[in-house]
Amino acid sequence: MLLQLNFQMENLRTRILQTALILLVFAIGGCEDESNSTQSEINQITEDMTSGTWKITEFIDSGEDDTSDFTGYLFTFNSSGSLVATKGSTTYTGNWSVTEDSGDDSPDDLDFNIFFNLTNQFEDLNDDWDIVTHTSTKIQLIDVSGGNGGTDNLTFEKN
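Analysis parameters
Residues numbered from 1 in each chain as written. Predicted model: local features only at pLDDT ≥ 70, side-chain atom pairs only at ≥ 80, totals over all residues. Heavy atoms only, no water. Helix = DSSP H or I, 4+ residues; strand = E, 2+ residues; numbered from the N terminus. Buried < 20%, exposed > 50% of the residue type's maximum accessible area, 1.4 Å probe, protein only. Contact = heavy atoms within 4.5 Å. Pairing = 2+ DSSP bridges. Core = buried A, V, L, I, M, F, W, Y, C linked by side-chain atoms within 4.5 Å.

Q: Could you give an account of the overall build of the protein, naming the residues involved and the relevant values?
A: A tally of regular secondary structure across the protein gives 1 helix and 9 strands. Relative to its 159 residues, the protein shows a buried fraction of 27%. In the protein, 41% of the contacts between residues at least 6 apart in sequence involve partners at least 24 apart.

Below, the structure is given as structure tokens:
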């Protein structure tokens, strides 16, 4: 009787370990799919943004419409990560990228990063924007300020 009980306990322990191993394999596989999906989305956004020139069609800074600050500027997002804004003979150069959000949001959020080393209106574009929606001709971005809690909206549309 004791031998039979010992055999049943060992059988139960083996089944529990097998089930745990199967669940672990599925969990790891799911992470890889999500990572591949995220990288695929990053690649698609990068491909879209590096095709042609873009213009800002909306820039709301903490409730204030500052879109007109960027009227006439054409933005070129280069695959090298450089960002060029041109209006006539005026040119400003910055950097851009799309990365996986490292914040407290859900892991599949992406950041659209913009940085101009300037102290004019382009400084207001510097941020790790959250991507709200994107197509091959339009990208809508949002940022909730950690300091004052204001919400900024930025939209680029293909020229």
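Q: Quick rundown of the pairing of strand S4 (residues 82-87)? Include the residues and the values.
A: Note that strand S3 (residues 74-77) and S4 share 4 bridges and pair antiparallel. Residue pairing across strands places leucine 74 opposite threonine 86, the latter belonging to S4. Taken together, S3 and the strand that follows it, S4, pair antiparallel across an intervening segment of 4 residues, in which glycine 81 is found at a positive phi of about 100°. Pairing geometry for S4 and strand S5 (residues 90-100), over 6 bridges, is antiparallel. Looking at the pairing, lysine 87 lines up with threonine 90 of S5. Here S4 hands over to S5 after 2 residues, with glycine 88 in that stretch at a positive phi of 65°.

Q: How would you sum up the nonpolar core? Please name residues and give values.
A: In terms of nonpolar packing, the biggest core is built from 27 residues, with Phe75, Phe112, Leu125 and Phe156 touching the most fellow members. Ranked by residues supplied to this core, first place goes to strand S6 (residues 110-116) with 4 residues. The contact partners of phenylalanine 156, leaving out residues within four places of it in the chain, are Trp54, Lys55, Ile56, Phe75, Phe77, Ile114, Thr137, Lys138, Ile139 and Leu141.

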